[in-house]
Amino acid sequence: MKFDAYSFLYPLLPFDLLKLNMSSHPENMTSYRLFGFPIAHSASPAFHNEIFKLLGGNKDYSLFSTSKVIPEMLEELRSDDFGGSSVTMPIKTAIIPYLNGLSPESEASGAVNTIVKVPSPDGPKLIGTNTDILGVKNSLLRQLRLQYPNISISPQSSYTEGVGAGAIIGGGATTRSAVYALMSLGLHPIYLVNRDPDEVKAVQAVYPQLVKKGSLIHLDHPDKVEEHLAQPSSPRLLMIVGAIPAISPLTKAERMVYTVASSMLTIPYYPPSQIDSSALPVPTKRLFLEMAYKPRITPMLKVAIAHGWDGIDGTNAMVEQGYAQQRMWLKGDASVEIGSDPDILGPVIEQKARDLIARMGDVMVKEAEVDKAANAEAAPVPPSRNT
């Protein structure tokens, strides 16, 4: 996708307010960052620097601990040697006004976790996108390929309407990304398991078109699972994404989430005797993707596997979204087509990076992490060009 595909998004602020003193030559793009706080425990530097080493060239990925968008952070984004960045909590939404534009994925989900430096005729633009979506989607597609090794499954494949449904356990930014991913796979309806009705309403508010279509249905009791998913006419539940912390449930409300999830997981499933006629094959074992990965086999993932689901641990989503970031940075293109193209890095580099994460244990934080924004004011939010 060429840069002008984003022209309708440019800019969210006047270009002279974001004076990007940046060269358009790729060889000068050497500095890559993870912005957020706390981030000292992140495996992203090891993952991305392994890929940079394998690609060759003078590129480095490092941490910038900040809980706010501060002037020092913006100076890095505007510097000559800035190549791209990851963004994590609590600034996935706060960063948006400082960027030149957003991908459709960030527009829809209201979150940015990746900044891509995209060339244009009048100078580079900083585009925010959400590769967490591709982390979810491409992890599920990869598992389908493992179930069907003799079938070619395109990154753009999806189910035709009526083939199957999806569900997400959790709320917040991860849930919004998972909704977009399951929607792009053609799953409908999408069910939300959450103890907090306000969190469900917040997700529904982001995707009003899905609510209007009859999706994003709140399941907060086993009786609702029975009503929506266990009837002869109920949709076939094919995929679930777990997006809650990896801690054992203690309160009654927390235990109810596990009770509702178990009700979904125990619905009988009869694998198809032959490949579905839709663009994507129906899984032989239903897929459960866990987003948390500390520990790698979380309490919820254990429950899913015990009920016969094909469990996918959260490092897979982390790796897939990391591939997407690398592809976008390398090509200067924030499109999902580039983010999903396995030929850009190639199978050898991707496998070595995946193997690195598989071998890694948890990153041990040896000293207190310092928040650069602790004694700093957030940078002034620039006005939109349209204001």
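The notes below deal with the structure included here. (Residues numbered from 1 in each chain as written. Predicted model: local features only at pLDDT ≥ 70, side-chain atom pairs only at ≥ 80, totals over all residues. Heavy atoms only, no water.)

**So, the sheet that holds strand 9 (residues 217-219)**
The strand order across the open sheet formed by 6 strands is 9-8-7-10-11-12, and the pairing between neighbours is parallel. Every interior strand has two partners, whereas the edge strands, strand 9 and strand 12 (310-312), have only one. Strand-to-strand twist across the sheet, computed as the mean angle between neighbouring axes with direction ignored, equals 20 degrees. Bridge count between strand 11 (residues 287-290) and strand 12: 3 bridges; the pairing is parallel. Each bridged residue has a counterpart across the sheet, and for Leu 287 the counterpart in strand 12 is Asp 310. Of the strands in this sheet, strand 7 (165-170), strand 8 (190-193) and strand 10 (237-243) touch helix 5 (residues 172-184), which is tilted by about 175 degrees from strand 7. The sheet strands contacting helix 8 (residues 222-229) are strand 8, strand 9 and strand 10, and the helix crosses strand 9 at an angle near 135 degrees. (Pairing = 2+ DSSP bridges. Helix = DSSP H or I, 4+ residues; strand = E, 2+ residues; numbered from the N terminus. Axes fitted to C-alpha atoms, helices over the stretch in contact; angles between N-to-C directions. Contact = heavy atoms within 4.5 Å.)

**Describing the pairing of strand 11**
The side-chain alternation of strand 11 yields two buried faces, one formed by Leu 287 and Leu 289 and the other by Phe 288 and Glu 290. Of the strand pairs in this sheet, strand 10 and strand 11 are connected by 4 bridges, and their pairing is parallel. Across the sheet, the residue bridging to Gly 242 is Glu 290, located in strand 11. In this view, the connection linking strand 11 to its parallel neighbour strand 12 by way of helix 10 (residues 299-306) has right-handed handedness. (Buried < 20%, exposed > 50% of the residue type's maximum accessible area, 1.4 Å probe, protein only. Right-handed = clockwise from strand over helix to strand, strands pointing away.)

**Regarding helix 13 (residues 347-359)**
Given a rise of 1.5 Å per residue, 13 residues ought to cover 18 Å, and the 18 Å separating the end C-alpha atoms of helix 13 matches this to within 8%. Those residues of helix 13 lying buried are Ile 349, Glu 350, Ala 353, Arg 354, Leu 356 and Ile 357. Buried residues of helix 13 fall within an arc of 155 degrees about the axis and therefore sit on the same side. Residues of helix 13 that are exposed and point over 90 degrees away from its buried face: Pro 347, Val 348, Ala 358 and Arg 359. (Expected span 1.5 Å × (residues − 1). Arc of directions from axis to C-beta.)

**Quick word on the pattern of salt bridges**
One pass over the full model with this rule turns up 8 salt bridges. Residue Lys 224 is joined to Asp 220 by a salt bridge in which the shortest nitrogen-to-oxygen separation is 3.4 Å. The class of Lys 224 is partly exposed, set by a relative accessible area of 31%. For Asp 220, a relative accessible area of 34% gives the class partly exposed. (Salt bridge = Lys/Arg side-chain N within 4 Å of Asp/Glu carboxyl O.)

**Here's the deal with the packing of aromatic side chains**
Across all of its chains, the model carries 5 aromatic pairs by this definition. The interplanar angle of 40 degrees and the centroid separation of 4.7 Å between the aromatic rings of Tyr 32 and Phe 52 together place this pair among those described as tilted. In this pair, Tyr 32 is assigned in strand 1 (residues 31-36) and Phe 52 in helix 1 (residues 44-55), connecting sequence segments 20 residues apart. Ring geometry for Tyr 61 and Trp 329: centres 6.2 Å apart, planes at 35 degrees, overall tilted. Note that Tyr 61 is positioned in strand 2 (residues 60-65) and Trp 329 in helix 11 (residues 315-331), a separation of 268 residues in sequence. Judged by relative accessible area, which is 2%, Tyr 61 ranks as buried. (Phe/Tyr/Trp six-rings, centres within 6.5 Å; stacked < 30°, edge-to-face > 60°.)

**Side note on helix 11**
In a regular helix each residue adds 1.5 Å, so 17 residues correspond to 24 Å; helix 11 covers 24 Å between its end C-alpha atoms and thus fits that length. With 15 of 17 residues buried, helix 11 lies mostly within the body of the structure. Once helix 11 finishes, Gly 332 follows within two positions and takes phi at roughly 65 degrees, a positive value.

**Quick look at the sheet that holds strand 5 (residues 114-118)**
Here we have 6 strands laid out as an open sheet, ordered 2-1-3-5-6-4, and mixed in their pairing. Only two strands of the sheet have a single neighbouring strand rather than two, namely strand 2 and strand 4 (101-102). Judged from the 5 bridges that link them, strand 5 and strand 6 (residues 125-129) form a sheet pairing that is antiparallel. From the neighbouring strand, Val 116 faces strand 6, where its bridge partner is Ile 127. Taken strand by strand, helix 1 contacts strand 1, strand 2 and strand 3 (82-87), and its axis lies near 160 degrees from that of strand 2. Helix 2 (residues 71-78) contacts strand 1, strand 2, strand 3, strand 5 and strand 6 of the sheet and is inclined by roughly 150 degrees relative to strand 1.

**Looking at the side chain of Ser 120**
Secondary-structure assignment places Ser 120 in the loop between strand 5 and strand 6. Judged by relative accessible area, which is 17%, Ser 120 ranks as buried. Of the polar contacts made by the side chain of Ser 120, one reaches the side chain of Asp 122; its length is 2.7 Å. Only 2.4 Å separates the side chain of Ser 120 from the backbone oxygen of Gly 123, close enough to count as a polar contact. (Polar contact = N/O pair within 3.5 Å; in protein donor to acceptor, adjacent residues only side chain to side chain.)

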